[in-house]
Amino acid sequence: MNSFKMAIINFKRNAKTYGLYLMAMTFSVAAYYNFLSMRYNPQFLEYKDISSYIGGASVSASTLMMMFLIFFIVYSSNFFLNQRKREIGVYAFMGIDNYKIAFIFASEGLLMGILSLAIGLIIGILFSKLFMMVLAKVAILNITIKFFISMKAIVETIIAYSIILAVTFLKGYFDVIRSNLIELLNSLKKEEELPKVNYFKGIASIIIIGIGYYIAHNYLKFGFGKALLATILLITWGTYWLFGSFFSMVIRHYINRKSFLYKGVNIVSFSNIAFRIKNNYRTLAAVAILITTCITCFGTVSSVKYYVEKNHKIEVPYTVSYISEDKDIIAKVDKIIKDSGHEVEIKEKANFLFVPDDELVVARLTDLKTILSDLKVENRENIISKFDLSDDEVGYIERPTTMMSILKKEDSIKLNGKNYDIKVNTKVPLFGNGLPYPCIVVNDEEYDQLKLHFYEQQFNGIILDNPNETKGLTYELAGVLPRESRLYTYWMAGASFYNFAGIIYFVGSFLSLVFVFATGSIIYFKILSESFRDKNKYEILKKLGTTDFEIYSSISKQVGIFFILPLIVGVIHSAVAISVLSDMMNYSLVVPTAISVLVFALVYGIFYVFTTRKFITEI
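Everything quoted here is computed from the prediction, not taken from an experiment. (Residues numbered from 1 in each chain as written. Predicted model: local features only at pLDDT ≥ 70, side-chain atom pairs only at ≥ 80, totals over all residues. Heavy atoms only, no water.)

**Student:** Describe the overall build of the protein, and please don't skip the residues or the numbers.
**Tutor:** When helices and strands are counted, the protein shows 23 helices and nine strands. Here the protein holds 619 residues, and 50% of them are scored as buried. Restricting to contacts in the protein with at least 6 residues of sequence separation, those with at least 24 account for 86%. For the protein, the exposed surface amounts to about 30,500 Å²; the carbon and sulfur share of it is 61%. (Helix = DSSP H or I, 4+ residues; strand = E, 2+ residues; numbered from the N terminus. Buried < 20%, exposed > 50% of the residue type's maximum accessible area, 1.4 Å probe, protein only. Contact = heavy atoms within 4.5 Å. Areas by Shrake-Rupley, 256 points an atom, 1.4 Å probe, with all protein chains shown as cover.)

**Student:** Describe the packing of aromatic side chains, with residues and values.
**Tutor:** Geometrically, a pair of aromatic rings is defined through the distance of the ring centres and the angle of the planes. Applying the stated criterion across every chain yields a total of 14 aromatic pairs. Plain terms: the ring middles of Tyr475 and Trp491 are 5.8 Å apart, the flat faces sit at 50° to each other, and that makes the pair tilted. Residue Tyr475 is located in helix 19 (residues 471-480), and its partner Trp491 is located in helix 20 (residues 490-494); the two are separated by 16 residues in the primary sequence. Cluster of aromatic residues (ring-pair linked, three or more members): Tyr318, Phe352, Phe431 and Phe459. (Phe/Tyr/Trp six-rings, centres within 6.5 Å; stacked < 30°, edge-to-face > 60°.)

**Student:** Tell me about the pattern of salt bridges, and please be specific about residues and values.
**Tutor:** Enumeration according to the criterion identifies five salt bridges in this entry. Residue Lys335 pairs with Asp339 through a salt bridge whose shortest N-O separation is 2.9 Å. In this pair, Lys335 and Asp339 both sit in helix 15 (residues 327-339), four residues apart, roughly one turn of the helix. Residues Lys335 and Asp339 agree in their burial class; the two are exposed. With a closest N to O distance of 3.0 Å, Lys418 and Glu446 form a salt bridge. Within this pair, whereas Lys418 is found in strand 6 (residues 418-426), its partner Glu446 is found in helix 18 (residues 444-450), the two being separated by 28 residues in sequence. Judged by relative accessible area, Glu446 falls into the buried class, the value being 9%. Salt bridges linked by common partners bring Asp392, Lys418 and Glu446 together as one network. (Salt bridge = Lys/Arg side-chain N within 4 Å of Asp/Glu carboxyl O.)

**Student:** Describe in detail the sheet that holds strand 9 (residues 488-489), supporting the description with residues and values.
**Tutor:** Here nine strands make up an open sheet; going across it, the order is 5-6-4-7-3-2-8-1-9 and the pairing mixed. Since the sheet does not close on itself, it has two edges, and those belong to strand 5 (412-415) and strand 9, each with one partner. Bridge analysis of strand 4 (residues 393-397) against strand 7 (residues 439-442) gives three bridges, and the strand direction is antiparallel. Within the sheet, the bridge partner assigned to Gly395 lies in strand 7 and is Val441. On the sheet, helix 15 packs against strand 1 (320-323), strand 2 (344-355) and strand 8 (455-464) and is oriented at approximately 10° with respect to strand 8. (Pairing = 2+ DSSP bridges. Axes fitted to C-alpha atoms, helices over the stretch in contact; angles between N-to-C directions.)

**Student:** Go over a nonpolar patch on the surface with me, naming the residues and quoting the values.
**Tutor:** The grouping of Leu115, Ile119, Ile122, Ile123, Leu126, Phe127, Leu130 and Val134 at the surface amounts to a nonpolar patch, some 700 Å² of accessible area in total. Among the secondary structure elements, those contributing two or more residues to the nonpolar patch are helix 6 (98-126) and helix 7 (128-138). For the nonpolar patch, the element with the most residues is helix 6, which contributes five residues. Of note, Ile123 is situated in helix 6. Ile123 gets classed as partly exposed once you look at its relative accessible area, which sits at 33%. (Patch = residues over 30% accessible without salt bridge, like charges linked within 9 Å, V, L, I, M, F, W, Y side chains within 5 Å.)

**Student:** Which residues make up the environment of Glu484, and what values go with them?
**Tutor:** In this structure, Glu484 sits in the loop between helix 19 and strand 9. Classification of Glu484 as exposed rests on a relative accessible area of 61%.

These figures capture arrangement, not role.
What follows is the structure, given as structure tokens:
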């Protein structure tokens, strides 16, 4: 029998073991093809406003995915090698040449790669229409997606995966050649020792993480760039020591409590947990950091979408807005709107002063109160009560498009040589993106004084009954309004940033899902590799009369610790990161954060159940 036939037989025999790996690889190939395909889709390319966004998102997503896949494939290959060391050792003991064994083993990896590439491409092509339809939906594109096969995406996918598979094949080949026969035969007979507890590192890990949290929340004090870098380094450092020493302290504490240790099968469960944490703390720490990244990324893109939806009324409070006090132009606008068949619900008019040196506008307090009332702004009475302004005080309304601020907020502002204290700093609907500047609100008397020094203009805002159907109206109004009138409509808002936010949300969510799947797979492989070491222990327990329920309980605790510890640490790190983001955006992100954690925990829970059942089957 030649080596290739033996590789095929071994591949068929180990198909169940390779099942999750094949699923992960197939899913990744399908996703990678679709990320590439959306860049070449001719229907998206027709939309010049968003094709650059889609192209950028495609490049970023496919690059990130490829980097992660390289790590995943190498990690999985090491798992398969470790799992089958003894088998390889037996082959060598039987006199089979090392080069032949290496070729058989490496060929199995190559077969898995080729199979997952072929199936993944087929699935990717079949589901590409659904993928593009969802993308078009979140990007607010009113088009009917047609089935499309991108030959460029197919070729690029095959080239990228072929390079990775070739490198993996060579790595597996040389790993087996360099293996020692005695080491292979005794690979599962290494004695396990309880970890030595380092109290200094254990306590220091909590302090280091606490310092990281403090710096993250004081980014204004330390500078955003420095605070971000310091936080990442400290959290990573602290997390490694946390798993390397702090959790060993906790487990050792329970092991030293004899009343707890000898209860049921705790002695087996916690001894195994202690050994596993000692041998795998780097993996657990890496998984915790990955979970932090996944939840933070998903939470961030969810927060952006949530914020965009909530912020929409601030950026686009009117269906149509423009600047003009010319009665003829206003009459033309009114006639076009009337002829369009739209019903006018609100018609707002307010004067303002433009300060060119500071690029801000000044508005009357009376106009602010009227607009907040007309727009029925939520909690408007409380907002208006804060604008009880003296002659030396102003209210500062942030630029409508300001999403987050990492700049220190000023306490005062200078207008026409006079210093005003900023009494209130807020963000409410006022002029929207029709006047994309910060607004200073002063009392009416002070406005009349400033009017002598700055040019006064008239803002016109109109709310119509059907804002989604304003594309034709926008073109008609653009034909009569001069450029300096700053025409802005509901349709124009939907064709710019909201498309971008939708694309980012879609790509970010999909990538997070891929990373969650891969993170769960890493823990799955890690735990299963440990199950082979525990097989003899559980066989002895069965012979001693331990019930199946007690063994199930023991395994559930052992596997659960591997899933729960990184999850808890990752969720805490993510909560801190998103709370900083919430502070920068000046917006509560509790809802999207909670949704992100629940989605992640749900997927993670499925992996836990699946891994526990597989562990029990293996022993």
